[in-house]
Amino acid sequence: MTSLTILDRDIIKACVRGAKLRGPRKLITSTMMVSYQFRQSRRRAVNDRMVPASIIISLTKRCNLKCQGCYHLMKDSSAEEMDSEHLLRICSEFEGLGTSIFVLAGGEPMMRWPVIKDMMSLHTRALFVMFTNGTLIDENVLKEMRDFDNLLLVLSQEGSESATDLRRGSGVGHCIKSLSRKLRDNGILFGYSITVHRGNVRIVTSDQNYDQMISEGASFISFVEYVPMQAGTESMTLTDDNRTLLISRLRCLRHRRNAVVLGFPGDEERFNGCLAAGRGFLHISPSGNVEACPAAPFSDRNLLSCPADEAVMSPLMTKLRDMHASLKEGGGGCALWSNKEEVSRILATNNDS
Ligand code: SF4
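Everything quoted here is computed from the prediction, not taken from an experiment.

Peer 1: Just checking my understanding: could you explain the pattern of salt bridges for this structure?
Peer 2: Side-chain pairs of opposite charge can arise whenever the charged atoms involved come near each other. Under the definition given, this model contains 16 salt bridges. Of the charged contacts in the structure, one is a salt bridge between Glu93 and Arg89, with a shortest N-O distance of 2.6 Å. Taken together, the residues span about one helical turn, with Glu93 and Arg89 both in helix α4 (residues 84-97) at a distance of 4 residues. One salt bridge in this structure joins Asp207 and Arg256, with 3.2 Å as the shortest N-O distance. Taken together, the residues span a long stretch of sequence, with Asp207 in helix α10 (residues 207-215) and Arg256 in the loop between α11 (240-254) and β7 (260-264) at a distance of 49 residues. Connected through shared salt-bridge partners, Asp207, Asp211, Arg249 and Arg256 make up one network.

Peer 1: Would you mind going over the packing of helix α7 (residues 161-168) against helix α8 (residues 172-185) with me for this structure?
Peer 2: How two helices pack is summed up by the angle between their axes together with the distance between the axes. It is at 7 Å that the axes of α7 and α8 come closest, and there the two elements cross at 125 degrees. The angle between α7 and α8 falls in the class oblique. Contacts between α7 and α8 involve Glu161, Thr164, Asp165 and Arg168 from the former and Val172, Gly173, His174 and Lys177 from the latter. Across the contact of α7 with α8, the residue classes tally to 1 nonpolar, 3 polar and 4 charged.

Peer 1: Would you mind showing me how to read the environment of Val204 here?
Peer 2: Mapped onto the elements of the fold, Val204 is located in helix α9 (residues 201-204). Val204 sits 45 residues away from Arg249 along the chain, and the two C-alpha atoms are 10.0 Å apart. What Val204 contacts, discounting residues up to four positions off in sequence, is Glu158, Gly159, Ile194, Val196, Asn209 and Phe223.

Peer 1: Looking at this structure, I do not really get the pairing of strand β9 (residues 289-293). What am I missing?
Peer 2: Looking down a regular strand, the side chains alternate between one sheet face and the other. For β9, the buried fraction is high: 4 of the 5 residues fall into the buried class. Looking at chain direction, strand β8 (residues 281-284) and β9 are connected through 2 bridges and run antiparallel. In the sheet register, Ile284 faces β9, and the bridge partner there is Val290. Taken together, β8 and the strand that follows it, β9, pair antiparallel across an intervening segment of 4 residues, in which Gly288 is found at a positive phi of about 100 degrees. Relative to strand β10 (residues 296-302), β9 runs antiparallel, the two being bridged by 4 bridges.

Peer 1: What should I look at first to understand the sheet that holds strand β3 (residues 127-132) in this one?
Peer 2: The pairing of strands in a sheet happens through backbone hydrogen bonds and is either parallel or antiparallel. The sheet built from 10 strands is open, its strands ordered β7-β6-β5-β4-β3-β2-β1-β8-β9-β10 with mixed pairing. Lying at the two open borders of the sheet, with one neighbouring strand each, are β7 and β10. The average undirected angle you get between the axes of adjacent strands in this sheet is 25 degrees. The pairing of strand β1 (residues 54-58) with β8 spans 4 bridges and is parallel. When the sheet's bridge partners are listed, Ser54 is paired in β8 with Phe281. Against the sheet, helix α5 (residues 113-122) engages β1, β2 (101-105), β3 and β4 (151-157), with an angle of about 160 degrees to β3.

Thresholds, definitions, all that
Residues numbered from 1 in each chain as written. Predicted model: local features only at pLDDT ≥ 70, side-chain atom pairs only at ≥ 80, totals over all residues. Heavy atoms only, no water. Salt bridge = Lys/Arg side-chain N within 4 Å of Asp/Glu carboxyl O. Helix = DSSP H or I, 4+ residues; strand = E, 2+ residues; numbered from the N terminus. Axes fitted to C-alpha atoms, helices over the stretch in contact; angles between N-to-C directions. Parallel < 35°, antiparallel > 145°, perpendicular 65-115°, else oblique. Contact = heavy atoms within 4.5 Å. Nonpolar A, V, L, I, M, F, W, Y, C, P; charged D, E, K, R; others polar. Buried < 20%, exposed > 50% of the residue type's maximum accessible area, 1.4 Å probe, protein only. Pairing = 2+ DSSP bridges.

The structure is reproduced here in structure tokens:
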């Protein structure tokens, strides 16, 4: 019994706002999508399960890039990634429970474009938000993407071309800029995701950078705070002053109303606390583990052996939801990760009982 969170409403707003810029057909389908979102919200309301409107599915651990500080590359990735049949079943199970937004991540999700097309074709009213490095989207893929009105692409970048090259590899910055032009010209909805750290918080949240992204056609911008999952990178985390600046800049940029602006977890206050563990979203790992959040890979259920309606009510997810108000963020962008000892203790206790 969950309604649409502020986060869900922001994502939907981004689609409608983007559709307005892209002609009547997109506007009609996005209107139908909005009514579907409220239909699913009513479906969740009658459900005694804690089903989030959004689930984040990491489709693969594979990626064609090796970005500095990428925490996917650091995660234990020995487990097999799920096959297409399981992924499609999981989408149908969650949609049946009332989920209406599927956030696709990785690794690089475009490594599994064929199953993504199947997902979007089977769930035409659900919204698919794909976080991608953009480098695998060529002319053929662009042609195919034009047919999907339920797709919102979110391109990962670091502000300028040079900053993007520095973190993600030579030429990636230029690739993203030229791709954004093609997406706009093909009427495909897109936005940007920027990792915010101590070294770039002032530049990436500047009016100049924002105006640049809007002029390129973005209707959605997410600022993701750097989480030091790699030991020794704590110096990149935002200081308290940085975080105060980030939150005030997000507020300013949001008032400009030509794109939806989100901060993770900067907006937790706005979201009424951490949305992990099903309060706003759940994360599904490439091997099917149901995790609290991509930045907090704690899990006690796997969807290859457990149905979705049981997994959302698992002892760990229920406990983390119950204690969300007590989990305080401390130095580095994620309340659960900052309290990983406590969470691991809960997990161990649950496993013993
Ligand atoms: S594109 Fe994403 S998943 Fe791939 S290396 Fe870079 S940060 Fe990691």
